[in-house]
Every structure is written in C-alpha cells, then in structure tokens.
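What follows is each chain in one-letter form.
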Amino acid sequence: LLRDGYPQPSMLLTLRACLAERHLRQGDLERAAEYAGSALRLARGGPAVLAELTRSHVEVCRSHLAADRFADAAASVAAAHDLMQERALHPAMAYCLLARARVRGRSGDAEGALADLAAARETAWPDDVPAITVELAAEYLAAGRLETAAALLDQVRPAVVAGTPLAAELRL
C-alpha cells in the first residue's frame, strides 16, 4: 500500500492486524509477530481512547458545520470514521497482542508477556477469552505466581465447553 501511494493508516492497520491473526492461527509465530508489531505501532490506543477521539472529531465536525466550513467538516467525519473502524478492529488486535506475548514469553520477558496477554484478554472476542485466559494463567504459573494462575483458571473453568481442545488442556 505504501509503495503504491496509499499510506492510509487505518487500511494498513486493518491489513496488518488481519495478517497477524491469520499467521498466528496457522502457527507461524515469527510472521505473526512481525505483522503484529507493525499493527500495534499503528494503533492509537484502547477502546476508551478511541471513543474519546471519535467524540472529539464529531464535535469538531459540528463546529465546522455551524461555521459553514463543509470541507473541514468532511475531513472530521472521515477521521471519526477511521477511528470507528479502528475500534471495530480491537478483537483482531487481541491476536496481535497474543503473538507479541508469545514472542516476549519465549525471549524471557515475562512481564511484557503478562501485560500483552492481559491486554489481549480485555480486547478479544468473548469466544476467545477463555483460551487467552488459560495462556495468561500459564504465564503466571511460569513466573511463579501460583495464586494468580489458580484464580484465573477458576474464573475461566465455567466457560470452557467439554470436549474441546481447551477442556482437554485443562483436563475437564
């Protein structure tokens, strides 16, 4: 996109987040981490930050419309639209955080891995939260924080469906 003259940040973010998710699902952690890193660098913040930025752009748009500055209002609407698209991408961004967490965990950065897994858990699709929670608990266990790991597993146990790979991993 950049080479062809389309440096649209929201489009690049969408593309890289989706590529990170796809490579992570295929087990290609190196490529997933590569795309995840570039997507995370393009992201502008969590859902609350994006919601506030969107509200700001909408207010600026209203001000421009009141002043008959239609081109400026259109630019504000476009910026708000991009932010809304980015908010919708947060579940995909969870996979970016998950990929980065795995790389950090393998390289010995336990605190970084824990932070990324916790953030992934907060932004993931509800169906993905149990698996991410189990991975977070495993990282806490590896860091020697047994009580935290046990509490996370107790939280997630009721949401795990019997007969699934996650249930087998938890021996349910």
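The structure reproduced in this document is the subject of the present report.

Criteria and cut-off values
Residues numbered from 1 in each chain as written. Predicted model: local features only at pLDDT ≥ 70, side-chain atom pairs only at ≥ 80, totals over all residues. Heavy atoms only, no water. Helix = DSSP H or I, 4+ residues; strand = E, 2+ residues; numbered from the N terminus. Contact = heavy atoms within 4.5 Å. Areas by Shrake-Rupley, 256 points an atom, 1.4 Å probe, with all protein chains shown as cover. 1 Å grid on protein atoms, 1.4 Å probe; cavity = no way out; pocket = protein on both sides within 12 Å on 5 of 7 lines; lining within 4 Å. Points joined across faces, edges and corners; volume = space filled by probe spheres on them. Nonpolar A, V, L, I, M, F, W, Y, C, P; charged D, E, K, R; others polar. Axes fitted to C-alpha atoms, helices over the stretch in contact; angles between N-to-C directions. Parallel < 35°, antiparallel > 145°, perpendicular 65-115°, else oblique. Left-handed = near helix turned anticlockwise from the far one by under 90°. Expected span 1.5 Å × (residues − 1). Buried < 20%, exposed > 50% of the residue type's maximum accessible area, 1.4 Å probe, protein only. Salt bridge = Lys/Arg side-chain N within 4 Å of Asp/Glu carboxyl O.

What follows covers the overall build of the chain. In terms of helices and strands, the chain carries nine helices and zero strands. Mapped from its N terminus to its C terminus, the chain presents α and β elements in the order α-α-α-α-α-α-α-α-α. The contacts in the chain between residues at least 6 apart in sequence include a share of 55% that link residues at least 24 apart. Total accessible area on the chain is roughly 10100 Å²; 57% of this is exposed by carbon and sulfur atoms.

A few words now on the side chain of Ser 76. Looking at where Ser 76 falls in the secondary structure, it is placed in helix H4 (residues 70–88). With residues up to four places along the chain from it excluded, the contact list for Ser 76 reads His 57, Val 60, Cys 61 and His 64.

Here we come to the layout of surface pockets. Looking at the largest pocket, its volume works out to about 330 Å³. Broken down by secondary-structure element, the contributors of at least two residues to the lining of the largest pocket are helix H1 (9–25), helix H5 (90–106), helix H7 (129–142) and helix H9 (165–170). Looking at the lining of the largest pocket element by element, the count peaks at five residues for H7. Of the residues in the lining of the largest pocket, the class split is eight nonpolar, no polar and six charged.

Let us look at the packing of helix H6 (residues 110–123) against H7. Two elements in contact, H6 and H7, have axes separated by 9 Å at closest approach and are oriented at 160°. By the angle between their axes, H6 is roughly antiparallel relative to H7. Two packed elements cross with a definite hand, and for H6 against H7 that hand is left-handed. From H6, Ala 110, Ala 113, Leu 114, Leu 117, Ala 118, Ala 120 and Arg 121 reach across to H7, where they touch Val 129, Ile 132, Thr 133, Glu 135, Leu 136, Glu 139 and Tyr 140. A per-class count over the contact of H6 with H7 returns ten nonpolar, one polar and three charged.

Taking 1.5 Å of rise per residue, 14 residues should cover 20 Å, and helix H2 (residues 29–42) covers 20 Å from first to last C-alpha, within 8% of that figure. Listing the buried residues of H2 in full gives Leu 29, Ala 32, Tyr 35, Ala 36, Gly 37, Ser 38, Ala 39 and Leu 40.

Using the criterion set out here, one finds ten salt bridges in the structure. One salt bridge in this structure joins Asp 116 and Arg 100, with 2.8 Å as the shortest N-O distance. Of the two residues, Asp 116 is situated in helix H6 and Arg 100 in helix H5; the sequence distance between them amounts to 16 residues. Judged by its relative accessible area of 29%, Arg 100 is partly exposed. With a closest N to O distance of 2.8 Å, Arg 102 and Glu 135 form a salt bridge. Of this pair, Arg 102 sits in helix H5 while Glu 135 sits in helix H7, and the two are 33 residues apart along the sequence. Among the residues examined, Arg 102 registers a relative accessible area of 28% and is labelled partly exposed. By relative accessible area, Glu 135 is classed as partly exposed at 22%. Several salt bridges converge on common partners, so that one network encompasses Arg 100, Arg 104, Asp 109 and Asp 116.

These figures come from the coordinates and say nothing about function on their own.
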